[in-house]
Amino acid sequence: IPGATQSKYTIVADDDKKIFTCVVSASNSGGSGQGVSSNSVLVGGVSPPVNKTLPSIKPATAVRVGQTLACDSGIWDNSPTKFEYQWLRGTSSIDNAKSAAYVVGDGDRNIQITCVVTASNSAGKISATSLAVTPAPPPPVFRGATPPQIAPLTVTANKELSVSSYGDWTNE
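Just so it is clear, the structure is predicted and the values come from calculations on it, not from any experiment.

Along the backbone of the protein there are zero helices and 17 strands. Radius of gyration (C-alpha) of the protein: 33 Å, far over the 16 Å computed for a compact globule of 172 residues. Seen through its principal axes, the protein has C-alpha atoms that stretch 125 × 35 × 20 Å. Relative to its full complement of 172 residues, the protein shows a buried share of 20%. In the protein, once contacts between residues fewer than 6 apart in sequence are set aside, the share between residues at least 24 apart is 54%. Only carbon and sulfur atoms are counted for the fraction: they give 53% of the accessible area of the protein, which is about 12000 Å². Side chains of the protein give 13 positive and 12 negative charges; the mean places of these two sets differ by 3 Å.

So, about the sheet that holds strand β12 (residues 113-121). Reading across the sheet, the four strands line up as β10-β9-β12-β13 and stay open at both edges, with antiparallel pairing between neighbours. Each end of this open sheet is capped by a strand with a single partner; those strands are β10 (92-93) and β13 (124-129).

All right, on to the sheet that holds strand β7 (residues 68-72) then. In spatial order, the strands read β6-β7-β11; together these three strands make up an open sheet with antiparallel pairing. Looking at which strands have only one partner, the edges of the open sheet turn out to be β6 (56-58) and β11 (101-103). Between one strand axis and the next, the sheet turns by 25° as a mean value, whatever way the strands run. For β7 and β11, the ladder comprises three bridges, and the chain directions are antiparallel. Of the residues in β11, the one forming a bridge with Leu69 is Tyr102.

Across all of its chains, the model carries three salt bridges by this definition. Lys52 is the salt-bridge partner of Asp77, the closest N and O atoms lying 3.7 Å from each other. With a gap of 25 residues between them, Asp77 in strand β8 (residues 75-77) and Lys52 in strand β5 (residues 50-53) connect regions that are remote in the sequence. Exposure remark for Lys52: the relative accessible area of 52% places this residue in the exposed category. Close ionic contact of Arg109 with Asp106 constitutes a salt bridge, the shortest N to O distance being 3.3 Å. What makes Asp106 exposed here is its relative accessible area of 55%.

Scoring rules and cut-offs
- Residues numbered from 1 in each chain as written.
- Predicted model: local features only at pLDDT ≥ 70, side-chain atom pairs only at ≥ 80, totals over all residues.
- Heavy atoms only, no water.
- Helix = DSSP H or I, 4+ residues; strand = E, 2+ residues; numbered from the N terminus.
- Rg over C-alpha atoms; globule rule 2.2 N^0.38 Å.
- Buried < 20%, exposed > 50% of the residue type's maximum accessible area, 1.4 Å probe, protein only.
- Contact = heavy atoms within 4.5 Å.
- Areas by Shrake-Rupley, 256 points an atom, 1.4 Å probe, with all protein chains shown as cover.
- Lys, Arg positive; Asp, Glu negative; His and termini not counted.
- Charge placed at Lys NZ, Arg CZ, Asp CG, Glu CD.
- Pairing = 2+ DSSP bridges.
- Axes fitted to C-alpha atoms, helices over the stretch in contact; angles between N-to-C directions.
- Salt bridge = Lys/Arg side-chain N within 4 Å of Asp/Glu carboxyl O.

In structure tokens:
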């Protein structure tokens, strides 16, 4: 290694997968000599990814049917070169849900949704799963076709009123 004349050497990216030995030179008034290390070291190459911070789903609260969820891949060590995504409904994979975004469907109501991120590099791959979100049903919406009704229609003091019809609603 040009310029590597000290007792320590810092490994650089170009050293990946190279074998290192050491030659020590000594000299005195009688001359010089060299000794070669009795062992060699292979610079480890790339290690498989390691998850440091779990993937996360945004938004994490107030999730509704029709909303688009985004899966952040999280933080990884060992330089992943590729991320793959798989959304789960409960513990089952959701068909064709293999991107970082997912639109919440009718079948997702009140069921936990998670995102599995698989990080890979030349040394291997590993998966990590986000915390779950649970989509709530959409709020009721008054359709207006049949309004709520109060009964009786004629009221005097000390009389009780009640709702005789609640009207026409969706998402009840």
